[in-house]
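Okay, here's what each chain looks like letter by letter:
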Amino acid sequence: MTARIYVPCDAAAVALGADKVAKAFADAFAARGLDVQIVRNGSRGMFWLEPLVEVVTPFGRRVGYGPVKPRDVDALIDGGLLEGRGGPLYLDNVEKIPFFAKQERFTFKRVGLTDPVSLDDYLAHGGYKGLERAIAIGPSETVEQVFESGLRGRGGAGFPTGIKWRTVAACAPGKKYIVCNADEGDSGTFADRMIMEGDPFQLIEGMTIAGVAVGADKGYVYCRSEYPHAVAAMNKAVAAARKAGYLGSRIAGSEYDFDMEIRVGAGAYVCGEETSLLESLEGRRGLVRAKPPLPAHKGLFGKPTVINNVISLASVPFIMAEGAKAYADVGFGRSRGTMPIQLAGNVKHGGLYEIAFGVTLGELVEEVGGGTFTGRPVRAVQVGGPLGAYFPRELFDTPFDYEAFAKKDGLIGHGGIVIFDDSVDMAKQARFAMEFCSVESCGKCTPCRIGSTRGVEVMDKIIAGVEREKNLTILEDLSNTMKFGSLCALGGFTPYPVMSALTHFPEDFGRGSVPMAAE
Amino acid sequence: MTTGHIVSGSRHAHEAWSPTRGREIIADHLPLEGATLPILHALQETFGYVPQDAIPLIADAMNLSRAEVHGTFTFYHDFRHEPAGKHVVKICVAEACQAAGGHVTSAKVGEALDCAYGETRADGQVTLEPIYCLGLCACAPAAMVNGRLIGRLDDEAIDEIAAEVRS
Ligand SMILES: Cc1cc2nc3c(=O)[nH]c(=O)nc-3n(C[C@H](O)[C@H](O)[C@H](O)COP(=O)(O)O)c2cc1C
Ligand code: SF4
Ligand code: FES
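Residues numbered from 1 in each chain as written. Chains lettered and ligands numbered in written order. Predicted model: local features only at pLDDT ≥ 70, side-chain atom pairs only at ≥ 80, totals over all residues. Heavy atoms only, no water.

- Per an unreviewed UniProt entry, chain B goes by Formate dehydrogenase subunit gamma and derives from Methylopila capsulata.
- In its Sequence similarities (unreviewed entry) section, the UniProt record describing chain B reads: "Belongs to the complex I 24 kDa subunit family."
- UniProt, in the comment section headed Cofactor (unreviewed entry), describes chain B in these words: "[2Fe-2S] cluster". (UniProt positions renumbered as here; feature names shortened; annotations may be inferred.)

- Looking at an unreviewed UniProt entry, one finds chain A named Formate dehydrogenase iron-sulfur subunit and attributed to Methylopila capsulata.
- Taken directly from UniProt, the Sequence similarities (unreviewed entry) text for chain A runs: "Belongs to the complex I 51 kDa subunit family."

What follows is the structure in C-alpha cells.
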C-alpha cells in the first residue's frame, strides 16, 4: 500500500505556507525514493496548528504534526513521520485535541478529513445520501424536513429556511433559481470559504436538494473575488459532479434536472445583501432593491428565487440524510442545530468551531479561544461582522443565540467573533465602522450615504477632543437617523458597532465611565 | 500530487489592448445570463485593466446603453481603470486584522514600499491597495501579494514583500 500524507490546501493553511510544505515533502520523498501519496485536504480549522500535516500510519491510524515549516520536513521524515512516530511537532490524533473534540461537527464533518475535490472521497464519507432521500420522499416532504429542522439562515438575518423554500415551492411552476450567497464580506468570518474549499460537493448537494424541493433547475453561486481558492475548488467540484451525472439533466438517474454555475463578485461588500447580489448577478450596479417584492416571488431575472447563505445550504445534506430531528435536537431556544463559530483577530486558538447554539460568549472567547495571542486581557469582542456590536467582558454570559444577542443590542450575524485586547481604542473602532459604511454604501439612500460620511467627520472631532459632548449628541442623532431611515442593514446596522462602543466604553470617547444600565 | 485545488497565484503578462481581441472575449461570454461582470472580469484578466474603449463594445454587443455599462464598471472596487503596477500588494485593513496589530503592519508596508494606499508608485513597480478581509482572520494580519496569500504578516514577511517588489 502506498503511504499517504495530508497537507491542507485551504487558503489559510496556504497563507501560512502549506504549498511550500507540500512541495518540500514531494521533493524529500522523491530524493529518498519513497512512494508517498500527498493528498491536499481541507483544514481542520485549528489555524494556530497550520500547516497541519497528517499521516496515515501502517496500522491505519491518522496522526498529525504541526505547525510544520518547510525546513522541518527532512527531520520529520527521518524522525519516523511515516510510521507516525512522536517528535516536537507531534499532535497524535488531531480529533482528540480539545478544541476539536468538543465540537459537534454536522456541517463540517468532512472538512479537513477528505480530499475536497474527490467525488469518490465524498461518496465514501456519506456524500449524496441527502439528495438520495430528497429524491425518494419528493419535493414537498423535502421542504417540510428543512422546515422541521428549524434551520435558520446563516447569512445573518436568521430567517427560517423552510419558510423561504415553501414560498418558492408554492410559486407556479416555471423558471426558478437557487442562488447561493457566498459573498462572505464580514471581517472575522471564513466558514463559507472553508466549506467551499474543504467540502464543495456538500454545497453542490445542498443546492441540488433545494432545486428538487422548490422546482428550480438552475443554480448560481455568487462568490466574492477575494476567494480565488474557493472559486477554483467549486469549479473543479461542479465539473466532477456534472461528469458523474449529479448535475445536468435527470440528476442521479432521477426525473429532476439541475445544473449550476459559479460567478465571481467584484469587491463590493453591499453585494452580500441579497437584492444587491441579484442586481449584480444580472450584470448591473449592486443597488439594493426595495422589498416587496421578495426574491422568493420575484428574484433573479424576475423569477422566483431561493437565496441562501453557503452554510444554510451546506447544512441541508445532513438534515436530509440524518433527519430533521437529529438537527433540531440540538440548539437553544429558537436557534436550532449547530453554528460554525469563527474565532478571529487577536486570539490564541483561532479557527472554526462548530457547536450547538447556547454556548456562552465567554466560554468561546476564554476557554475555546484561549484569550489573546498577545497574552494581554481581552477588552472587547465584535460579534457578527462590521455591522455587529462590540461586547465588553460584562456581557460574556450571553448565550450564542439569535434572540439572546438581539436582547443585548447585538447580533450573531454569520458567527464571526473578533477579539481585541486592552490596547484597542474603541473610538477608533467606531470611526472605522462609519468609514466602512461610507466606502461600501450603495448610495441609494441618504441616511446611509451622507450619514456615514458625516459620521466619520463627527468621530474625527470627538477623537480630536473638539466640543465632545455636542458632537457625541450629534453622533447619537445621526445613528438614530441611519438606524430608522436606511433601506438595508448596511446603513441600518452600522449604528450598532458605533453605539455599542460608546455605550460600553464611554471612557474612550472622553466620557466618564458610567455604570452599565440595569437590565 | 494531483489532489486538492491549487491556485498558483503567479503573475502573468497582460496583453496590450486590441479591439479585435476585446470583441472576441466579449463574444465568448455573451451566451451567459447576466454576462456583464464575467465580461469585465475576463477583460481585466487579459489586459490587466478594463480599457475605456471596451465599454462601447460591451454596450453594443449586449444591447445596453453605454451609460449602463459604464455605471456597472465604476460601481465595483475590483475593476481597474488603468493598468496596475508591476506588483500588486493588497493589505487587509478590516477589523480582525486591526485587532491583530494591522494598523501598525499596514503603515510599515506603506513605508517599506514607499507607496501610499490606493496608489501606484511613480516608477510603476507597485500598486498598494487596502482590502476588506481575505477570510484569513484567524491568522491575521493578512495580505495578498501578486495573488499569493500571506497570513500572520510580520517584519520578515514585509521584508520579503519589499524584496519581491524590487525585482
Ligand atoms: C450589507 C449586507 C451584507 C450582507 N452580506 C451577506 C453575505 O456576505 N453573505 C450572506 O450569506 N448574507 C449576507 N447578507 C444577508 C443577505 O441579505 C440575506 O439575508 C441572506 O443571503 C439570506 O440567506 P440565509 O437566509 O441563508 O441567511 C448581507 C446583508 C446585508 C444588509
Ligand atoms: S442603507 Fe446604504 S447600502 Fe443599504 S440601500 Fe441604503 S444606501 Fe444602499
Ligand atoms: S479581517 Fe483581515 S483577513 Fe479577515
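**A short note on the overall build of chain A**
- Helix and strand content of chain A: 21 helices and 16 strands.
- When the backbone C-alpha atoms are referred to their principal axes, chain A occupies close to 75 × 60 × 40 Å.
- When the 519 residues of chain A are sorted by exposure, 62% land in the buried category.
- Of all intrachain contacts in chain A linking residues separated by at least 6 positions in sequence, the fraction that spans at least 24 positions is 71%. (Helix = DSSP H or I, 4+ residues; strand = E, 2+ residues; numbered from the N terminus. Buried < 20%, exposed > 50% of the residue type's maximum accessible area, 1.4 Å probe, protein only. Contact = heavy atoms within 4.5 Å.)

**Observations concerning the sheet that holds strand β3 (residues 126-131) of chain B**
All names here are of chain B.
- The sheet built from five strands is open, its strands ordered β2-β3-β1-β4-β5 with mixed pairing. Here the strands that pair on one side only, and so sit at the sheet edges, are β2 (119-120) and β5 (148-150).
- On the sheet, helix α7 (residues 155-166) packs against β1 (87-92), β3, β4 (143-145) and β5 and is oriented at approximately 155° with respect to β1. (Pairing = 2+ DSSP bridges. Axes fitted to C-alpha atoms, helices over the stretch in contact; angles between N-to-C directions.)

**Considerations on the site of ligand 1**
Residue and element names in this part refer to chain A.
- Near ligand 1 lie 18 residues; those nearest to it are Gly-155, Asn-181, Asn-308, Asn-309 and Ser-312.
- Separating an oxygen atom of ligand 1 from a backbone N or O atom of Arg-154 is a distance of 3.4 Å.
- Note that an oxygen atom of ligand 1 is positioned 2.9 Å from one of the backbone N or O atoms of Glu-274.
- Elements with a minimum of two residues in the shell around ligand 1: β9 (305-309) and α20 (489-493).
- A per-element tally of the shell around ligand 1 places β9 first, with three residues.
- Class assignment for the residues of the shell around ligand 1 results in four nonpolar, eight polar and six charged. (Near = heavy atom within 4 Å. Polar contact = N/O pair within 3.5 Å; in protein donor to acceptor, adjacent residues only side chain to side chain. Nonpolar A, V, L, I, M, F, W, Y, C, P; charged D, E, K, R; others polar.)

**Examining the interface of chain A and chain B**
- If you look at the interface, chain A gives 76 residues, while chain B gives 45 residues.
- Buried surface at the junction of chain A and chain B, both sides included, amounts to about 4,600 Å², of which 59% is carbon and sulfur.
- At the surface where chain A touches chain B, the tally comes to 26 residue pairs in polar contact (both at pLDDT 80 or more).
- Top contributing element to the side of chain A that touches chain B by residue count: helix α17 (residues 426-440) of chain A, with six residues.
- When grouped by side-chain class, the residues that make up the side of chain A that touches chain B number 42 nonpolar, 18 polar and 16 charged. (Buried area = accessible area lost by both parts, 1.4 Å probe.)

**What to know about the sheet that holds strand β7 (residues 218-223) of chain A**
Residues and elements named next belong to chain A.
- Pairing is parallel across the open sheet formed by four strands, whose spatial order is β8-β7-β6-β9. Strands at the two margins of the open sheet, each flanked by one partner only, are β8 (259-264) and β9. Between one strand axis and the next, the sheet turns through 20° on average, direction left out of account.
- Pairing of strand β6 (residues 177-182) with β9, which is carried by five bridges, proceeds in the parallel orientation. Note on β9: the bridge partner recorded for Cys-180 is Asn-308.

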